[in-house]
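Observations on the model geometry
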Amino acid sequence: MLGRTRAIIKPSLARSIVQRSVISSQRFYSTTPQTQDAKPAAAQHITTIADSISKLNILEVMELTKILQEKFGMPTGMPMMAPMMGGGAPAAAAAPAAAAAPKEEKKVEKTEFDVKLIKLSEGAKYKLIKILRETKPSLSLMETKALVEKLPSTVADKVAKADAEKLVAQIKEAGGECEIV
């Protein structure tokens, strides 16, 4: 029966019913009186800023974007949210030009490392299982055995450099070959 009534109701009628229910629920739950066409008024200084930005040319928009990105600590390749705001034509034209601008290279030191087991010698399987069980007690015996048998495999991930070097030394001592990634 419900399916038949849906087929009879026109989409425009359904939309108006939903809009009326939303408006009535807003009136019921709201503590302040609302009108249907009421839009929040923008502050005067925001309106003047918007007017002055709309008068800028593309090069000035690119410069403004760069200044704002530096001020708020955003990466230089990250586009501003202007396309989502509606006035995306100047920002959309400025995005390829901003991407073509030379980027500042900042070298960030890596703090977390992965240890990858590559090979193991004959008879080293049980020693490696014992070492991995000591370093990763959260793993079961079967999971540790699977790590050792399936090569190459990551035996430690996101560990400090000192811990990674210590684990590599233990694995090499037991007869395995591994690398720090």
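Structural data are supplied above this passage.
Residues numbered from 1 in each chain as written. Predicted model: local features only at pLDDT ≥ 70, side-chain atom pairs only at ≥ 80, totals over all residues. Heavy atoms only, no water.

1. Section: the side chain of Ser153
- Along the polypeptide, Ser153 turns up in strand 2 (residues 153-159).
- The class of Ser153 is buried, set by a relative accessible area of 7%.
- A polar side-chain atom of Ser153 sits 2.6 Å from the main-chain carbonyl oxygen of Leu147.
- If we ignore the near neighbours within four places in the chain, the residues touching Ser153 are Val115, Lys116, Leu117 and Leu147. (Helix = DSSP H or I, 4+ residues; strand = E, 2+ residues; numbered from the N terminus. Buried < 20%, exposed > 50% of the residue type's maximum accessible area, 1.4 Å probe, protein only. Polar contact = N/O pair within 3.5 Å; in protein donor to acceptor, adjacent residues only side chain to side chain. Contact = heavy atoms within 4.5 Å.)

2. Considering the environment of Glu122
- If you trace the backbone, Glu122 turns up in the loop between strand 1 (113-120) and helix 7 (125-135).
- Relative accessible area serves as the criterion here: at 81%, Glu122 is assigned to the exposed category.
- On a C-alpha basis, the gap between Glu122 and Gly175 in space is 8.1 Å, while along the polypeptide they are 53 residues apart.

3. What about the pattern of salt bridges?
- The final tally for this structure, using the stated rule, is 2 salt bridges.
- A salt bridge links Glu149 to Lys125; the nearest nitrogen and oxygen atoms lie 2.7 Å apart. With a gap of 24 residues between them, Glu149 in helix 8 (residues 141-149) and Lys125 in helix 7 connect regions that are remote in the sequence.
- Salt-bridge contacts for Glu149 lead to Lys145; the nearest nitrogen and oxygen are separated by 3.8 Å. Taken together, the positions of Glu149 and Lys145, both in helix 8 and 4 residues apart, correspond to about one turn of that helix.
- Three or more residues joined by partner-sharing salt bridges are found here, namely Lys125, Lys145 and Glu149. (Salt bridge = Lys/Arg side-chain N within 4 Å of Asp/Glu carboxyl O.)

4. Some points on a nonpolar patch on the surface
- Residues Ile49, Ile53 and Leu56 make up a contiguous nonpolar surface patch of roughly 230 Å² in combined accessible area.
- Residue Ile49 is classed as partly exposed on the basis of its relative accessible area of 45%. (Patch = residues over 30% accessible without salt bridge, like charges linked within 9 Å, V, L, I, M, F, W, Y side chains within 5 Å. Areas by Shrake-Rupley, 256 points an atom, 1.4 Å probe, with all protein chains shown as cover.)

5. Some thoughts on the environment of Ala164
- Its place among the elements puts Ala164 in helix 9 (residues 161-174).
- On the basis of relative accessibility, which here comes to 0%, the residue Ala164 falls in the buried class.
- C-alpha separation for the pair Ala164 and Ile180, spaced 16 residues apart in sequence, amounts to 6.9 Å.
- When sequence neighbours within four positions are dropped, the list of residues in contact with Ala164 reads Phe113, Val115, Val159 and Ile180.

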